[in-house]
Each structure stands twice: as C-alpha cells, then as structure tokens.
Amino acid sequence: MEAAQILPILSVAIATSTPLIFACLGETITERAGVINLSAEGTVMLAAMTGFAVAKTTENWGDISLLLGFASAAIVGVLIALVVAFGALTLKQSQEAIGFVLALLCADLSSFLGSNFVRIPGPTVPSFPIPWLKDIPLLGALFFQSDLLVYTSYLLIFLTAVYFYRTRAGLMLRAIGEQPAAAFARGTNVILMRYFYTLLGGALMGIAGAAFALDFKAGWSHRHTAGYGWIALAIVIFGGWNPLRVALSCYLFGILQSLASVAQSTIPDVPTQVFTVAPFVLMILLLVLTSSDRLAILLKRLPPIVSRITTQTIQSIPPAALGKVFEQD
Amino acid sequence: MKIELLNISKRFGSVQANDDVSLTVQAGSIHGLLGENGAGKSTLVKVLSGFISRDAGAVLLDGFPIEIKTPADAIRAGVGMLHQDPLDFPPLSVLNNFMVGKLGGIFINPRSASRDFKRLATEFNFQLDVNELVSNLTVGERQQLEILRLLSLGVKTLILDEPTTGISASQKVALFDAMKHLAAQGKSVIFVSHKLEDVEALCDEVTVMRQGKAAGHLPIPCPDEKLIALMFGRELALPLKPNTCRTTPALELRDVTIATDRLTLRLGNLTVCQGEVIGLAGLEGSGQQLLLLLCAGLLPASTGSLTINGEDMTLKPYKEFLQAGIGYSPADRLKDGLIRGLSIHEHVALRHVSRGWFVDWQETLQRTLQAIALFNIRGKPQTLVERLSGGNQQRTQLALLPVPLNLLLMEHPTRGLDIESVLWVWQQLIARCESGTAILFMSSDLDEIMQYSDRVLVFSGGEVSELIDVADLTVERLGQTIGGRFSSQLSAVHP
C-alpha cells in the first residue's frame, strides 16, 4: 500500500471515530466519578433514533433542525443517565443491574419507536473544511477537512484532559471516584457531584448517538448502532480512564475498522462478517493483553525508568470506588 | 482555640453512643480522650468534626456557639480530624492529595502547593516526596501527609483518632514531637486513644470515657491504676506469663531463605520448642509476615527445610499444614481472616465441616452459642462479622481456631483492641501454650513483645537476628535494634 492510499484511510478513520470519542469520553467522566453507566449501548441507540427523528421531523425549519436533533439526543442521554443515577445514588441499588437492563430496554425501545423512520433520507451535518488549516500538508488532510462535529470532538478531548489534570474540580472528580469518603471529608457533596457527572456523561453519550444518525452512519435502521455502546465501555477500560488514552484508543479502533473495510474490498473471498467483527475482536484481544499479569512480569524485567513509564502508559487501573455504593451521613 | 463540648448525646439505633458528654479543651494544650473500644470516643470527636450529627448538646469554639454540620463546616471553623483509617487517595500523588479539596481558582497550582507543602514538611521535620504515590507510603507517612494538609487549611484544633495504631516507633516519636510543636504554637490537640502509655507520654490532661459517658477528667501525670479504674470501672491485673516451654521442638527451620520480589530474607536455622512464645519484632514489612506465611504453608521457601513436630513439611500443600495442626490468624481480620457478609453462625458452620451434603444448622448453632459464651463475643449467632467491633472480631477469629494446635501464628494479635480485650486475648493464648502449643506472633507494640515473649526475633533491613532471650532485652534496646543499629546492638547482646 502506498502513502497516497494510507492518508485517506487515516483521515476517514479519524473522522468516523468521532461518535465513539463522544461516547467514550462521556463514559470516562461518569466512571471517574465512581458511577458505571452500563446503559451505553441502549443510550447511544435510542439517542441516535431520537436525534434522527427530531431532525427529520423539523427538516423544513432549516439548519436548526440539526441542532434540535443533537439537543434532543443529548436530552435522551441525560434522562437515561438520570435513571441510572437515581437508582444507583439515591436508591443505592446495583449500578450494573440498572445499566444492563436499560441497555437492553432502550435498544428495543429504539426499534419500536423508530419504526416510521427506517431507511429514509434525512438531514446530515454539512462538510466544513477549515480555511487555511485545511491546506497544511498532511495534517490538513488528516484533521481539518471534515465538519464542525469532528472539530468539536477535538476540542472535547482537549478540554476533558485539561479539566481532569489541571483544574481543582477535575482533581476532585478523580478523588470522588477513588475514595468518596475522603472526598466528603474535604467538603464535597459526593452524591450531588456524582449526579452531575453521570448526567454530563449521559449527555455526551446521547450526542454520540446523534453523531451516528446525523453524520457518520446517516439515517436510521433497526439496531442502527449495534455494538458501539458495548465497544465504548471496553475502550474506556482500554484507555485506562485517561481522556487522552481513551481518545487514542477510539482512533485505534477507527483505524482498525477502516483497514477492515479496505481489506474487505481487496480480499473478496472472505465473508464480509469477518471484517465487520474483526475490529471488535482485536480490541478485546489488545485489552486482554495489556491487562494480563504476564505483561506486568515482563515489564518488571525492563530497566526501572522504562518499566515505570511503560507501565503507567499501558496499565489500566479502574477508579477504586467504581460501581460502589457510598453512604453519605 | 478553646473547645467546649456541652452535654453531647448521640444514639445509633439501640446504642447510646454518647450520653450527655461534656469536655473542655484549653487552647495550646493536648487533651487525651481515653477509653476502651466502643466507649464512644470516636463518636464524640466525629460530632466535633462534622462527620456525625448530634442528637443534643452544643459546641462552643472560643466561647461562641457554632453549628458544625459537615466536615467542610468544621474545617472552616478551624477543626480538622485525622481518621483512624487514613482518608486519602492512594492512586494519587502526595502533592495531588495535598491539593484535593483546597479552595482557590479554577486551575490547580502545583508549584505553589508544592512550595507550601515543603515549607510545612520542613517545619515538622517530616520527610515526604511530593511526587510519590500515596499507595507507596506507610500508614505513618500518610498520617504525616494528612496532618500537613489539615494545617495548610488553617486548622487550629487537630483531632487524632487512634493515630499510634500501625505506625513505627520512630514515626510515633515524630508524631508526638509534631503534636507538642503544635501545642506550643497555641493550637489545641485532641488525642483519642485506648493506649495508656501514649496518653501519658503526650497529653496534658485526659478525659476518660466509659460506655458513652465521660467517666472523669484528670491532669497528667496520674497513676495508671486510677486511669484503668476509670476506664473499666474496676481494676485489671496483667496476666503473668508462666514458663510453659518444653524441650521437644515444635518447629525447626534449616537454612531457610524466602525470596519475594520486594525482599530476600535469610532465616537460617531456627528451633522453637513446644509451649514457647516467640515475638517477631521489626518495622512493618521487614519480613515478619513472610516467616508467618512460610510456617502457615502459604508461602514456599526458596531454599531450606521446614519441620513441624518432627514431620518434614517442606513444600507440602496447605491442606497438610492444616492437618499438622497449624493455626494462622491474620492481622486484616475482615480481609484475610473472616468473611464479610457471613454471620458468626455461618463461620462456625464453615469451620466444622458437616458430613454429607447438608449443613446441620441445629448442631452448629449449639457450637456457635458455646463459642460466643466461651469467648465472650458481644454478638448474636446471626450477627454479620463486619458488624462486630474490632475486639469482638478478634475474639471470633480466635474462637474459630482449631483445638488443639501444634503451632499458632498470629499477626498483631491485639492490634486496635482495648486493654481489657488485650488481657483476655493473652489469657487465651497463654492457656494454649500451657497445653503445648508454640506461638509465633508479630507485633509493632514493643511492650507486648517484651511482656509475653519467651524469646524474640528482630527483623531489620532484610536481616533477621538470632533468637534473643527476652531477659537480655529492654524495650529501649529492642527499639534501637529495630531502628537499624542492628549488628552492633546484637553483638552487645551476644558478644
């Protein structure tokens, strides 16, 4: 394969990773606060349906229909997250059980409610190459010849990372997910903050759904985004709950998908399902590999500095209080 | 800052944790709060620090009544509390821990925080690396970090809840120096403890609590008997350690080394007789636990052989160690010893394997009731183990050890227990020695080692001493030996 061929593959991969960026960063924020929102699969799907339905219904209103689509998708995400938060934080029930049931329920609900919108053309986010930046050699083609949604995802990655590691509130967010009791001792309303970050994460997951239906996988069909919610949960683990690593993992997944579709056209003998499934399987293999004990043992043999940095880069330790109930007296 | 707690009451369910308790702490003084486990000390200080809301009573700071509803209120009022289990964030760095919860602008300022931290650390002579992860610190260092953090928030009253549990002797010295330094600055310190000697070494005044009430206020110094009488409402006698050693060896190690990725421990030869008590002294993590795990059959030796009552047990599976009469009682009772979520009754049922497929609950209930009566456990058969107090958990753990045993291995047999429970535990252990059980126990309490051991092994910096007869030792010498002046001290003992 020549360089001229690789460039378009990469740029497509980066752009098509955008919905996952929103979903994964949303889940990262939620999980860092100690809540696991397992409903991602259902949230993304129901939000995709809602976003498409709203944008389609208001299509005649002009550009605002797209905004309404995204806003309604975000609201769906917030509402589902609210169910998770209320069940987990107020009723103190199992976060996993609530999230899992919601994932199944909302996925089915999207098929039921969206039956009138299946396979019809609808509005999509218009392309918007950024003047000047689009002409930079290599980088311009890679990053700046997409649309506003893609650029927003860059901004989101940057802002999330800055928020996590440079702001007081971000430090407290990380603290809440590790030791809520200690965070409470330092004057934070842990339950309130967890509500906030769960809803915020839900909104981002909702936007991810709309990003599929109104941009990268435009339209709606039965189980339109199947699998992406689950892979988002896996990517958060793979990314070690660090926004930058999570974003890189999303792009890695996007590249795997692009390569799979290229391979599909170059090797037509192999059944297409193999290539559709391959990126998911590869991600899971990578996850198993990086979190295995054997790797840790191998790393220990390296010189101390190399081993420490590598361990920090690839090891993935969940927030200590993830998924646990916190009783605030 | 002068603190007045007036007529504080607090009830949890059916338990009256605090019953009309009043307490005055003068500015610039160190005030001890002494009492056995469950006397209501922690409840009282948690009311003051905003972790628990009181049912009745008032809090006055410098004479003015104040409403403290949350820990944040307490900090604003200048009251900070150091908890028994460090309330910090192990995966974060020392500096990040220092900054969490500090007020200020939107962005954190690591550079100025680091400056503040280093200035305070120097003032109190604490050696902490700002970039180290808290998960790599000892309990004592985590306390130091927490103290510095509270002080940086402008705390004028510092509450310490059982701070001397689980820290080394030198860290205790550093802690006490820091407290005295604070008192000299005019700050007040409330020191919660069940250890007489700590209260006597540090405090200016003491309030003794018993069963949720303030039993009395005394100036320090004051005779032990008087404090003990106030704590328990009667006098307690130390159990005498009779000589129970026999001549038959219970445990023999030959040329044993244990290697883990942290530490290589050369134990060499070691013979322990039946009925003998061996104290394992040393800083936490110097290898005492490795020796216990080795004898329990939970850790293989890298080289050498292990014989128990004449039977070669080297590299045998754990099951055979159990059959050989080895009992192991871990320090972390709820993690390694007992099973969270199971009742005392269920623990007994697990311990005594019934024949066939079904559990004979009637029979095990009888056993459970016997154990509860015999071991004086304050709980019912259906009480979940995590609901028991620390002392009663330890009693349950002891009740579950089989009888008879050839070798009993104990990590911190009395950590976190009040004096009455400590004496009771040791009475049980001594009774076991009289029936020929050899005991190996590790403890960070040097007095306990001196009081109950026949011979002592000192662990320091990956080295292990010969067995030292306790008659050749004093607490001071033992402390110095642990602290590192190893070979010189030992050669002084055994020239």
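The rules behind each value
Residues numbered from 1 in each chain as written. Chains lettered and ligands numbered in written order. Predicted model: local features only at pLDDT ≥ 70, side-chain atom pairs only at ≥ 80, totals over all residues. Helix = DSSP H or I, 4+ residues; strand = E, 2+ residues; numbered from the N terminus. Rg over C-alpha atoms; globule rule 2.2 N^0.38 Å. Buried ≥ 20, exposed ≤ 12 C-beta atoms within 10 Å, placed from the backbone. Contact = placed C-beta atoms within 7 Å. Arc of directions from axis to C-beta. Pairing = 2+ DSSP bridges. Domains from an automatic or database assignment. pLDDT = per-residue confidence, 0-100. Nonpolar A, V, L, I, M, F, W, Y, C, P; charged D, E, K, R; others polar. Right-handed = clockwise from strand over helix to strand, strands pointing away.

Moving on, we get to the overall build of chain B. Secondary structure summary: chain B contains 18 helices and 21 strands in total. Taken over C-alpha atoms, the radius of gyration comes to 24 Å for chain B, in line with the 23 Å a tight globule of 495 residues would show. Its C-alpha atoms give chain B principal-axis dimensions of about 70 × 55 × 50 Å. Buried residues in chain B amount to 45% of all 495 residues. By sequence separation, contacts in chain B at least 24 residues apart represent 69% of the contacts at least 6 residues apart.

The subject of this paragraph is the overall build of chain A. When its secondary structure is counted, chain A shows 15 helices and zero strands. On C-alpha atoms alone, chain A measures out to a radius of gyration of 20 Å, which is about the 20 Å that the 2.2 N^0.38 rule sets for 329 residues. Counting only C-alpha atoms, chain A reaches 55 × 50 × 45 Å along its principal axes. Burial status across chain A gives 44% buried among its 329 residues. Of all intrachain contacts in chain A linking residues separated by at least 6 positions in sequence, the fraction that spans at least 24 positions is 78%.

Glancing now at helix H17 (residues 475-482) of chain B. Among all positions of H17 of chain B, only Leu-478, Thr-481 and Ile-482 of chain B are buried. Considered in projection along H17 of chain B, the buried side chains sweep an arc of 95° and stay on one side of the axis.

All names here are of chain B. Spatial strand order, S12-S11-S14-S15: four strands in an open sheet with antiparallel pairing. In this open sheet, the two strands that pair with only one neighbour each are strand S12 (264-273) and strand S15 (311-312). In this structure, strand S14 (residues 303-308) lies alongside S15, joined through two bridges in antiparallel fashion. Residue pairing across strands places Ile-308 opposite Glu-311, the latter belonging to S15.

How big an interface is tends to be reported as the loss of accessible area on association of its parts. Under the domain assignment, chain B is made up of domain 1 (3-232), domain 2 (249-338 + 402-493) and domain 3 (342-388 + 395-399). In this structure, domain 1 of chain B and domain 3 of chain B have C-alpha centres spaced 37 Å apart.

Here chain A averages 90 in pLDDT, and 97% of its residues register 70 or above. Looking over chain A, one finds the lowest element-wise mean pLDDT in helix H15 (residues 304-314) of chain A, namely 72, and the highest in helix H2 (residues 18-32) of chain A, namely 97.

Once that is clear, we can look at the interface of chain A and chain B. Taken residue by residue, the interface counts 19 residues in chain A and 19 residues in chain B. Sorting elements by how many residues they give to the side of chain A that touches chain B places helix H8 (residues 168-178) of chain A first, with six residues. Taken together, the residues of the side of chain A that touches chain B break down into nine nonpolar, four polar and six charged.

A separate point is the sheet that holds strand S2 (residues 15-25) of chain B. Here four strands make up an open sheet; going across it, the order is S2-S1-S4-S5 (chain B) and the pairing antiparallel. Edge positions in the open sheet fall to S2 and strand S5 (64-65) of chain B, since each of these has one partner strand only.

Attention shifts here to the pairing of strand S8 (residues 188-193) of chain B. Residues and elements named next belong to chain B. Taken across its six residues, S8 has six buried, putting it largely inside the fold. Residues of S8 alternate between two faces, with Ser-188, Ile-190 and Val-192 on one and Val-189, Phe-191 and Ser-193 on the opposite face, all of them buried. Looking at chain direction, strand S7 (residues 157-161) and S8 are connected through five bridges and run parallel. Bridging from a neighbouring strand, Ile-159 pairs with Ile-190 of S8. Once you follow S7 into helix H6 (residues 169-184) and on to S8, the crossover reads as right-handed.

Residues and elements named next belong to chain B. Looking at chain B, the pLDDT average stands at 87 and 96% of residues meet or exceed 70. Across residues 485-495, confidence stays below pLDDT 50; counting only partners more than four residues off in sequence or on other chains, it has 13 contacts. Interface scoring of the predicted complex returns ipTM 0.84; its pTM is 0.78.

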